[in-house]
Amino acid sequence: MTPDDGGQDVFLHSSVLQRAGVPDVQQGQKVNLEVRDGQRGRQAVELKS
């Protein structure tokens, strides 16, 4: 996923979507995520409503 701030891409694992009850995200769809720096870069940890 590409953040609005133009920063480094964010990895969004399907398990984050599953926990939020969201089946999938379409290309270009905007979502509000809690992001943390992980071992391999920025990653989403929670989908916010």
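As the structure is a computational prediction, the values presented were derived from the model and not from experiment. (Residues numbered from 1 in each chain as written. Predicted model: local features only at pLDDT ≥ 70, side-chain atom pairs only at ≥ 80, totals over all residues. Heavy atoms only, no water.)

Asker: What is the right way to read the UniProt feature "domain: CSD" (unreviewed entry) in the protein chain from this model?
Answerer: UniProt records the feature "domain: CSD" (unreviewed entry) at residues 1–49, using the numbering of this structure. Between the C-alpha atoms that bound residues 1–49 the distance is 17 Å, and the span itself is 14% helix and 31% strand. (UniProt positions renumbered as here; feature names shortened; annotations may be inferred. Helix = DSSP H or I, 4+ residues; strand = E, 2+ residues; numbered from the N terminus.)

Asker: Explain the pairing of strand E1 (residues 32–38) to me, please; I cannot follow it from the model alone.
Answerer: Here is the key point about a regular strand: its side chains alternate between the two faces of the sheet. Where E1 lies against strand E2 (residues 41–48), seven bridges are found, and the strand directions are antiparallel. Looking across to E2, one finds that Glu34 is bridged to Glu46. Linking E1 back to E2 in an antiparallel pair, the connection comprises two residues. (Pairing = 2+ DSSP bridges.)

Asker: Explain the pattern of salt bridges here, please?
Answerer: Overall, the coordinates contain two salt bridges when judged by the stated rule. Of the charged contacts in the structure, one is a salt bridge between Lys30 and Asp4, with a shortest N-O distance of 3.0 Å. Placement of the pair is Lys30 in the loop between helix H1 (14–20) and E1 and Asp4 in the segment before H1, with a sequence separation of 26 residues. A salt bridge links Glu34 to Arg36; the shortest N-O distance between them is 2.7 Å. Given the relative accessible area of 22%, Glu34 is considered partly exposed. (Salt bridge = Lys/Arg side-chain N within 4 Å of Asp/Glu carboxyl O. Buried < 20%, exposed > 50% of the residue type's maximum accessible area, 1.4 Å probe, protein only.)

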